[in-house]
Amino acid sequence: QSNPHKIFTREMSAQAVRIALSGKVELSIRATSLLQCRNRKPLHASSNRRSTIAMANADNNMHIFQDQAEVADALASLTMKAAEQAIEERGSFTVALAGGSLIKLLGGLKGKNGIDWDNWHVFWVDERCVPHDDPESNYGGALQALLSDVPIPESQLYAIKESLCQKNEGAAQPCAAEYDARLKGLSRSILPTKDGLPIFDLLLLGFGPDGHICSLFPEHPLLKVTEPWILPISDSPKPPPERITFSMPVVNAAKKKCFTAIGEGKAEMAATIIKSAGDDPKIPASYVKGDVAWLMDAAGASLL
């Protein structure tokens with residue numbers, strides 16, 4: 001069987017070569033595991049996939065893969081590991097999802113064995129105030145991509161209350177208040193708290209070309225709002241204008257956060273976020289702190 005290190009130069013993309021030559025990061029290639037930064041334990045990708053380009057950086061837990069399918073597989077592995085640990089510790093797993101391009105990657109969890117779906121609790125880091133069957137609904141998108149195909153109890157899918165958002169205008173405030181109260185009413189065995197903030201096990205985050213995360217947009221006043229947990233926004237620069245969103249303290253309180261970046265269209269902002277000094281109001285994603293992983297394909301990482 002061929003040693004993957006011997007075929008390294010043959011399989012690396014031109015973009016990955018440029019990254020290697022930059023001297024800023026160390027690249028390695030493995031058939032079934034991802035290189036973790038420093039003392040982190042490795043994530044295990046599917047052994048059926050071809051060799052993976054993996055990059056570890058001392059300041060950012062980054063992993064670069066050849067294509068979207070490998071990123072989806074790695075995202076599934078990361079999520080499964082977080083779920084296993086949480087369920088072993090307290091009997092439940094809390095994960096909060098973004099919308100947008102992230103939804104397409106959720107399908108990597110389909111068909112995986114050994115997942116204790118009964119103890120999953122799924123939330124949304126932000127949501128458009130629209131009915132669940134609206135094309136703009138993050139809940140509806142996740143349902144189509146994954147949730148309709150796995151046996152998570154319906155009561156453990158924490159969607160926005162549909163009766164409050166039959167029309168978008170005027171819906172943000174009541175939807176945010178109801179979602180905030182519902183989360184605060186959960187058992188602490190499901191959603192623990194610390195210092196008045198919820199401790200989610202995992203947030204799966206996306207980011208926009210302007211650097212926004214959740215529905216926290218550049219230089220928006222909500223970036224500085226610390227309570228309640230769930231904030232209403234009625235002037236989103238992207239339609240629809242009325243939405244609800246996690247506050248930034250809630251995002252940062254989560255045990256682990258994961259960003260994904262797929263394709264050249266994500267490359268410029270991904271590089272900007274990763275290289276930023278942090279807390280730049282023009283780049284909301286730069287506010288994210290703590291245990292943050294990046295899963296990227298070669299195109300999404302091409303400007304690092």
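Structural data are supplied above this passage.
Summary of the structure given here. (Residues numbered from 1 in each chain as written. Predicted model: local features only at pLDDT ≥ 70, side-chain atom pairs only at ≥ 80, totals over all residues. Heavy atoms only, no water.)

**Examining the environment of Pro209**
In this structure, Pro209 sits in the loop between β9 (202-205) and β10 (230-233). Here the alpha-carbon distance between Pro209 and Lys266, two residues 57 residues apart in the chain, equals 6.9 Å. (Helix = DSSP H or I, 4+ residues; strand = E, 2+ residues; numbered from the N terminus.)

**Remarks on the packing of aromatic side chains**
By convention here, two paired aromatic rings are described through the distance between centres and the angle between planes. The tally for this structure, following the rule as stated, stands at 9 aromatic pairs. With centroids separated by 4.6 Å and ring planes inclined at 50°, the aromatic side chains of Trp117 and Trp120 adopt a geometry described as tilted. Both residues of the pair, Trp117 and Trp120, belong to the buried class. Judged by centre distance (5.3 Å) and plane angle (70°), the rings of Trp124 and Tyr139 are edge-to-face. Of this pair, Trp124 sits in strand β5 (residues 120-124) while Tyr139 sits in helix α5 (residues 138-145); the two residues are 15 residues apart in sequence, bridging distant segments of the chain. Each of the two residues, Trp124 as well as Tyr139, counts as buried. Grouped by ring-pair contacts, the aromatic residues Phe123, Tyr158, Phe200 and Phe246 constitute a single cluster. Here the guanidinium or amino end of Lys184 rests over the ring plane of Trp229, the centre of that ring lying 5.3 Å away. (Phe/Tyr/Trp six-rings, centres within 6.5 Å; stacked < 30°, edge-to-face > 60°. Buried < 20%, exposed > 50% of the residue type's maximum accessible area, 1.4 Å probe, protein only. Lys NZ or Arg CZ within 6 Å of the ring centre and 35° of its normal.)

**Considerations on empty space enclosed by the protein**
Tallying each qualifying case throughout the model produces 2 cavities of 30 Å³ or more. Each pocket or cavity is described by its volume, and for the largest cavity that value is around 50 Å³. Lining the largest cavity are Trp124, Val125, Asp126, Glu127, Ala159, Ile160, Tyr179, Ile230, Ile244, Thr245 and Phe246. Listed by contribution, the elements that provide at least two residues to the lining of the largest cavity are β6 (126-128) and β11 (243-246). Looking at the lining of the largest cavity residue by residue, the classes come out as 8 nonpolar, 1 polar and 2 charged. Lining the second largest cavity, in full, are Thr79, Val95, Leu97, Leu106, Leu109, Trp120, Val122, Leu146, Leu147 and Leu204. (1 Å grid on protein atoms, 1.4 Å probe; cavity = no way out; pocket = protein on both sides within 12 Å on 5 of 7 lines; lining within 4 Å. Points joined across faces, edges and corners; volume = space filled by probe spheres on them. Nonpolar A, V, L, I, M, F, W, Y, C, P; charged D, E, K, R; others polar.)

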